[in-house]
Every structure is written in structure tokens, then in C-alpha cells.
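Analysis of the macromolecular model
Letter by letter, the chains look like this.
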Amino acid sequence: MRLLSWAAGAVLLFIFGMAIATRIPAVQDAMFERVAGKALQPRQTALFDGDGLKVIFCGTSSPVPSLKREQTCTAIVAGDQFYLVDAGTGSWEVLQAGGMPGGKIGGVFLTHFHSDHIGDLSEVNLNTWFGGRTAPLSVYGPEGVERVVEGENEALALDTLYRIAHHGEQVMPPQTAGMTAFSFDGSAPHVVFEKDGLKVTAFPVKHDPVKPAVGYRFDYKGRSVSISGDTAYSESLIENSKGVDVLIHEAQSNLMVGKMRDAAQAANIGNLAKVLSDIMTYHTTPEEAARAANEAGADWLILTHFTPPPDNPIAKRMFMRGVSKIRRDNVKMADDGLVVLLPEAGGISFSAL
Ligand SMILES: [Zn+2]
Ligand SMILES: [Zn+2]
């Protein structure tokens, strides 16, 4: 008993001591210096070991707001470079906070030009520029990508001049500033990128009235990942994702969206009710995504671009209702920062940035 009270006293004294110590400026400085030294380092160098494919979820939300998720973005690491599929608002922060080395970017692939897929292009551009990329940022997409890139470059023209003037040409080299668009025909499947063993194939998906809209398949060292972009249930996606290791599919719970629409109607928020009603036909339900994964013969199905974002266990359960009847195993809901490792020797494992 006496020993216990001694132990409790010692713990209390320690907590009390810490509370006082953290008010001392010199202690605060020492703690901050220690954390800053670690946090500012690009820490994810192990991802670039060239062993198969890696996927990082840099944004898993949709235009429906979430405090836990950024808008849509998926990073693929192959060899010594990483590639982004879409760059939704807030997504660069996930990669930067996770310690990704910006200079290793190989390009951005856009699936279509809805704002929730391109909102962070300027952040990706700026941070990979001073991160040390060796050329202007390559942005690939179906026809229309030139217009998006031209507009972004124009919007950032003054910012670019300020950065060069302020930090100097060594840190902000004018010859690697800005973005370059590479456009392709989005109406039929074809290989749009090939480099050092990485092959990227674009294929059309169904997101009417948004045309063109594409998904992408990445093949590298015998491993493969397919990304749906925004689409309703799509035969083309299934056809072009045959036998992939991971199908990354957007998902929208029409059950939940329908209830949100009814609530908006009841609250007389007419514009919102109309939008919620309109979007019900151009996305894929979790059950349909499970069926698509089965038909494609995908080993794993990972859901992302959640409408609405299910941010608590009850919402997650409701979102996934009915899925296990169609596909029992190898289904996962992505969170921001999820890392998927697909080594050349086979297998799959998960970690976090
Ligand atoms: Zn979207
Ligand atoms: Zn869209």
C-alpha cells in the first residue's frame, strides 16, 4: 500500500514537473528543434527502392466536405519516381506532411476536369518545383488538359516571378517552372505513357455529361493497379482492369445520398437537393464496385472518392451495406495516408505514410 502511494506520488510529481518544464522557453525551443529537424526531412525514401508498385492514398473524399479526408488523389510509386492520379484540394498536404520527396514526381495524370480532381494542381506544381524536379511538371490527360494547364500557368504567372525574385534562380530555376500539358484521345483505350518499365494505359469511363473521362491502369514489374476515376458502373473499366492486383474504385452510397437529398428538400435548400439528385446516376455504388472487381478478376478492391465521406464506424457500416454478399474478402475502404505495397515477388501489405 505504501509502495503504491509512493508510485502514485512519483507519477504525479513527474506530470507536475513536465507541466512546469514545458512552460520554460528553452525547453520549448529544444523540443521544437528536435521535432522540426525530423519533420522537414523527406522521410519516404524507402518507397523508392524499385521493388514493385506502391500506392499512396493522398485524398479519399469527394466534394461532400470532410474534416478527416482531402479531395481525391492517388499516388503511384514505380522505380525512382511517383505519379499522381488527380490532385484534389488539400491532397498535396497529405503527401508533404507524410514526408514525400517532391522532386521525385514523374507527372500528374488527370482523369477529368471536375474541380475536386484538379484543385491542388498549383500546390503540386509549386512544391515539386522547389523540391527539385528536373523539368516543368508534366500533366497528362484527355483532350481539354491543355486548357486547364494553360489557365493554371497563367494564374500562377505572377507567383512564379515573385518566387524567383525572392528565393533566387538556384532554388527556383525558371527553366523548370510551370506545367506542360500532354493530351491524348480519351475515347478509346491506349497506352499513354511508357518509361523504365512502367506502362500507363488510359481507358474511357462513364461520367456523362462529363466527356472525356478516363481511368488509368499502371503496370510495373509484373504488378498492376487500376484506378477508376469518376464513373458509373463501366464495362470499359472492367475490360481494361482484367486480373489487376488492386482495383481502386470510386464509391457513392446512393442510399445515403438519397437521404441527404430528402433532408435538403425538407430544409428548402433547393440547389443542394437538385445537385444531390443529379449525381446519383454518374457514380458507382459500393455494391456495383464489388461486382466490377469480381468481373475484372481483381485480387483486391480498395474504395476511395467517397460520396458522402463515411467518417465514423456507423457511417462506414451503412456505406458498405450489401457489399459482403457480393464480395466477401479482399475489400478495403481507403483512408488518407494509406500505403499499399505490391512487391515484385508477390503479395500485398498495408501501412501508413
Ligand atoms: Zn469527383
Ligand atoms: Zn467527376
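Residues numbered from 1 in each chain as written. Chains lettered and ligands numbered in written order. Predicted model: local features only at pLDDT ≥ 70, side-chain atom pairs only at ≥ 80, totals over all residues. Heavy atoms only, no water.

A separate point is the pattern of salt bridges. Considering all chains together, one arrives at 10 salt bridges under this definition. Taking the shortest distance from any N to any O, the salt bridge between Arg163 and Asp159 comes out at 3.0 Å. With a gap of 4 residues between them, Arg163 and Asp159 both fall in helix H7 (residues 157-167), about one helical turn apart. What makes Arg163 partly exposed here is its relative accessible area of 27%. Residue Asp278 is joined to Lys274 by a salt bridge in which the shortest nitrogen-to-oxygen separation is 2.9 Å. Here Lys274 and Asp278 lie together in helix H10 (residues 270-278), a separation of 4 residues that amounts to about one turn. Judged by its relative accessible area of 40%, Asp278 falls in the partly exposed class. Counted as one network, the salt bridges with shared partners bring together Arg69, Asp311 and Asp335. (Salt bridge = Lys/Arg side-chain N within 4 Å of Asp/Glu carboxyl O. Helix = DSSP H or I, 4+ residues; strand = E, 2+ residues; numbered from the N terminus. Buried < 20%, exposed > 50% of the residue type's maximum accessible area, 1.4 Å probe, protein only.)

Among the surface-exposed residues, Glu143, Glu146, Glu150, Glu154 and Asp185 lie close enough to one another that they form a single negatively charged patch. Along the chain, Glu154 turns up in helix H6 (residues 145-155). Among the residues examined, Glu154 registers a relative accessible area of 60% and is labelled exposed. (Patch = residues over 30% accessible without salt bridge, like charges linked within 9 Å, V, L, I, M, F, W, Y side chains within 5 Å. Areas by Shrake-Rupley, 256 points an atom, 1.4 Å probe, with all protein chains shown as cover. Lys, Arg positive; Asp, Glu negative; His and termini not counted. Charge placed at Lys NZ, Arg CZ, Asp CG, Glu CD.)

The analysis is restricted to geometry; functional conclusions fall outside its scope.
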